[in-house]
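Secondary and tertiary structure notes
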Amino acid sequence: EVMYHMRGLHEIEEEVRAYLGCAKVVVVPGDASEREEVKENIGKAASEVLLKHIRNDCIIALTGGSTSYHVIHALKKPNVTYENVLVVPARGSLRNHVEYQANTIVSMLANKLGIGYHLLNIPDNLSKKALDSVREEPEIGATIACLLKANLILFGIGNADEMAKRRNSDEQFMTFLHDKQAVAEALGYYFNKNGEIVYTSRSIGIKLEHVIQSAYPIAVAGGSKKAEAIVAVKDIIKKGSLIIDEGAANRILEIR
Ligand code: G3H
């Protein structure tokens, strides 16, 4: 008698969690590298994790990207009134599809939860000079001050190459990333497979490292093609939650 023991998702979650060393891992069915709709499953699971962590008087920071978008899109407003909760973008705008920009997602979340928000109406990677003057704008200064006090940070994890292309990076930068063996991008940082930061996008000019250390991280990524990138950023999600799909989880366990 041949018996197949299908490994349950919980078993896979625990294996990935133990390997990456993060506090919580959620694995949803599917592989987003094969079916884009799987991001909806990730979004639903991650929105529940996010809701569990929102308290009165808290500040939520988030980045853009299609997976983050699905988190906020899937979120079902709970029957509670939040007091003094704010949501802010963790970065400026990428040359992204507008519906996936951090600002857009911030306002979606604010509308769903009935909470306050700040926007960052500046592009990513401004020149140093432009950035210095923009930061003197009181409104932008206030947003940055909030961001630095964030209690929760929701972000996507991308492949280095793909993210660089999405930002219309030139040939020279692509070669630089290749030379540095960059495999992952998250929060504007590019990482090699050992988790070392090999490049920092200028963004709004604050050190997001501080935010990563003081805020509870919730990272979302789907697809077997993102396995290497997820492994590379494991150190920044150690104290937090990682929501991925089966495609990514199985591949992570294969390449470990
Ligand atoms: O930094 C990484 C990106 O947020 C990932 O974007 O979810 O659209 O793949 P994505």
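The structure contained in this document is the topic of the report that follows. Everything numeric in this text was worked out from a predicted model, so none of it was measured.

**Some thoughts on helix H3 (residues 66-74)**
Among the nine residues in H3, seven count as buried, and that is most of the element. Three or more residues of H3 are buried, namely Ser-66, Thr-67, Ser-68, Tyr-69, His-70, Val-71 and Ile-72. Those residues of H3 hidden inside the fold are in contact with helix H2 (38-53), strand S2 (59-62), helix H4 (102-113), strand S5 (152-156) and strand S10 (216-220).

**Observations concerning the site of the ligand**
Residues in close proximity to the ligand include Gly-64, Gly-65, Ser-66, Thr-67, Gly-156, Ile-157, Gly-158, Met-163, Arg-166, Glu-185, Ala-186 and Lys-226, which together make up its full environment. Here Thr-67 contributes a side-chain N or O atom positioned 2.5 Å from an oxygen atom of the ligand. For the ligand, an oxygen atom lies 2.3 Å from a polar atom in the side chain of Glu-185. For the ligand, whose unbound accessible area comes to 300 Å², protein coverage reaches 95%. The set of elements that each furnish at least two residues to the shell around the ligand consists of H3, helix H7 (160-166) and strand S7 (182-186). Each residue belonging to the shell around the ligand can be placed in one class, and the counts come to three nonpolar, six polar and three charged.

**A few points about the pattern of salt bridges**
Using the criterion set out here, one finds ten salt bridges in the structure. Here Glu-48 makes a salt bridge to Lys-44, at a shortest N to O gap of 3.5 Å. Of this pair, Glu-48 and Lys-44 are both found in helix H2, four residues apart, which corresponds to roughly one turn of the helix. Judged by relative accessible area, which is 42%, Glu-48 ranks as partly exposed. Residue Lys-44 is classed as partly exposed on the basis of its relative accessible area, which comes to 46%. Put simply, Arg-91, Arg-167 and Glu-185 are held in one network by salt bridges that share partners.

**Some words on the side chain of Asp-245**
As for its placement among the helices and strands, Asp-245 is situated in strand S11 (residues 241-245). Comment: no salt bridge for buried Asp-245; closest opposite-charge side chain is Lys-39, at 8.8 Å. Here the side chain of Asp-245 touches Gly-223 through a polar contact of 2.9 Å, landing on its backbone nitrogen. In this structure, Asp-245 is in contact with Val-27, Val-28, Gly-30, Asp-31, Ala-32, Val-38, Ile-42, Ala-221, Gly-222 and Gly-223, ignoring residues within four places of it in sequence.

**Looking at the sheet that holds strand S3 (residues 86-89)**
Read from one edge of the open sheet, seven strands run S1-S11-S10-S5-S2-S3-S4, paired in parallel fashion. Whereas interior strands pair on both sides, the edge strands pair on one side only; in this sheet they are strand S1 (24-28) and strand S4 (116-117). The pairing of S1 with S11 spans five bridges and is parallel. Across the sheet, the residue bridging to Val-26 is Ile-243, located in S11. Its contacts with the sheet put H2 on S1, S2, S5, S10 and S11, and the angle it makes with S11 is roughly 165°.

So, how was this worked out
Residues numbered from 1 in each chain as written. Predicted model: local features only at pLDDT ≥ 70, side-chain atom pairs only at ≥ 80, totals over all residues. Heavy atoms only, no water. Buried < 20%, exposed > 50% of the residue type's maximum accessible area, 1.4 Å probe, protein only. Helix = DSSP H or I, 4+ residues; strand = E, 2+ residues; numbered from the N terminus. Contact = heavy atoms within 4.5 Å. Near = heavy atom within 4 Å. Polar contact = N/O pair within 3.5 Å; in protein donor to acceptor, adjacent residues only side chain to side chain. Areas by Shrake-Rupley, 256 points an atom, 1.4 Å probe, with all protein chains shown as cover. Nonpolar A, V, L, I, M, F, W, Y, C, P; charged D, E, K, R; others polar. Salt bridge = Lys/Arg side-chain N within 4 Å of Asp/Glu carboxyl O. Lys, Arg positive; Asp, Glu negative; His and termini not counted. Pairing = 2+ DSSP bridges. Axes fitted to C-alpha atoms, helices over the stretch in contact; angles between N-to-C directions.

Any functional reading would require information beyond the geometric quantities listed.
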